Each structure stands twice: as C-alpha cells, then as structure tokens.
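Fold and contact review
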Amino acid sequence: ACLPFGLTRGMNSPEPIQIMQSPTYLAILYEQNSWYKVIPIDGRAHRKTVPTWFGDSVGHWEGDTLVVDRVGFHEGVWLDQDSHSHSEKLHIVDRYTRPDMGHIEIVSVVEDPGVLSRPFTMKRVADLAPDQEILEFICPENNQDVEHMVGK
C-alpha cells in the first residue's frame, strides 16, 4: 500500500521536492508518491479539523526564515520509517533557511511528550536544482498479482 512515509523520513527524503510560494500560501510538492502540502503563511491559526496524514500546517516568516508549525496528525501515520507510532500530542516545527543561493536548510524539531522522553532535532540541507523538475511517481497500491503484470 502507498500510505504516507514516516513523518521524519519525509524530512530527509532523498527524492526531490519543489517549493512554490504565493503571498498567502506555500506549497511543497514531493516527487515521492506525488504528495503535496499546502501551508497558509498569512498569519492564520491552526484549523480545528480532523487529523490529517501530514498534519495541519501554518507558517510565518521570522526574518529570512520560514517557520512551519505542524499539529493534528492522523493516528495511522508513522513517526519514522521504522514504524514507530506517535500520540495526539505530536508537534513538529520546521525552519527553512537559505544559507546561500545554492542550498536550502530544513531544521525540524519533533516533540511528542506522549511517546518521547525529550524532543529531537533533524537537519537536512538540500541542493538547489533549477534545471530539474520533479517527476510523476506512480504507486501500485494494493498490488495483489505482480507475477501476472505485463512488463513486470
């Protein structure tokens, strides 16, 4: 099945991402499974909605750093690629900065007092690739009969 990857794996995924911004929203497109996140950056508060696979995100700028606050994660999404679970108290803050014109740095602080003894921090530095585009990714979800597929 093609359920979303673990939340912290997405922060360090080797697959490319594309970031697009308008005055009120930021969109992050993931090549892996063609997933996306749309993040309001106009100062609004978190919505009071049902939990989602990537959580409810809101963002704001602190100088040259974009800060994205995420809460409200679906109980079925894993905390990491090793299938560790999380509680309803999971909270992730991502900070996006440009240390230079060729890179973007993403520092994520993950806290969940329901399952973690203390918060942990992850850092990713991504290379800018202006001459590349993310590609379509197709997942053969619920593939029950691989041996009979044409072109397997």
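This text follows the structure it describes.
Since the structure is predicted, the reported quantities are computational estimates derived from the model, not experimental observations. (Residues numbered from 1 in each chain as written. Predicted model: local features only at pLDDT ≥ 70, side-chain atom pairs only at ≥ 80, totals over all residues. Heavy atoms only, no water.)

**As for the layout of surface pockets**
As a volume, the largest pocket reaches approximately 720 Å³. Contributions of two or more residues to the lining of the largest pocket are made by β1 (17–21), β6 (91–100) and β8 (120–127). If one sorts the elements of the lining of the largest pocket by residue count, β1 sits on top with five residues. Of the residues in the lining of the largest pocket, the class split is 15 nonpolar, four polar and six charged. (1 Å grid on protein atoms, 1.4 Å probe; cavity = no way out; pocket = protein on both sides within 12 Å on 5 of 7 lines; lining within 4 Å. Points joined across faces, edges and corners; volume = space filled by probe spheres on them. Helix = DSSP H or I, 4+ residues; strand = E, 2+ residues; numbered from the N terminus. Nonpolar A, V, L, I, M, F, W, Y, C, P; charged D, E, K, R; others polar.)

**What to know about the environment of L128**
Mapped onto the secondary structure, L128 falls in the segment after β8. Spatially, the C-alpha atoms of L128 and I104 are 7.2 Å apart, while their sequence positions differ by 24 residues.

**Brief notes about the pattern of salt bridges**
Following the criterion strictly, the structure yields five salt bridges and no others. D42 serves as the salt-bridge partner of R44, at 2.7 Å between the closest nitrogen and oxygen. Judged by relative accessible area, which is 37%, R44 ranks as partly exposed. Ionic pairing is found between R70 and D94, a salt bridge with its closest N-O pair at 2.9 Å. In this pair, R70 sits in strand β5 (residues 65–71) while D94 sits in strand β6, placing the two residues 24 residues apart along the sequence. When its relative accessible area of 2% is taken as the criterion, R70 is described as buried. Under the relative-accessibility criterion, D94 is labelled buried at 1%. (Salt bridge = Lys/Arg side-chain N within 4 Å of Asp/Glu carboxyl O. Buried < 20%, exposed > 50% of the residue type's maximum accessible area, 1.4 Å probe, protein only.)

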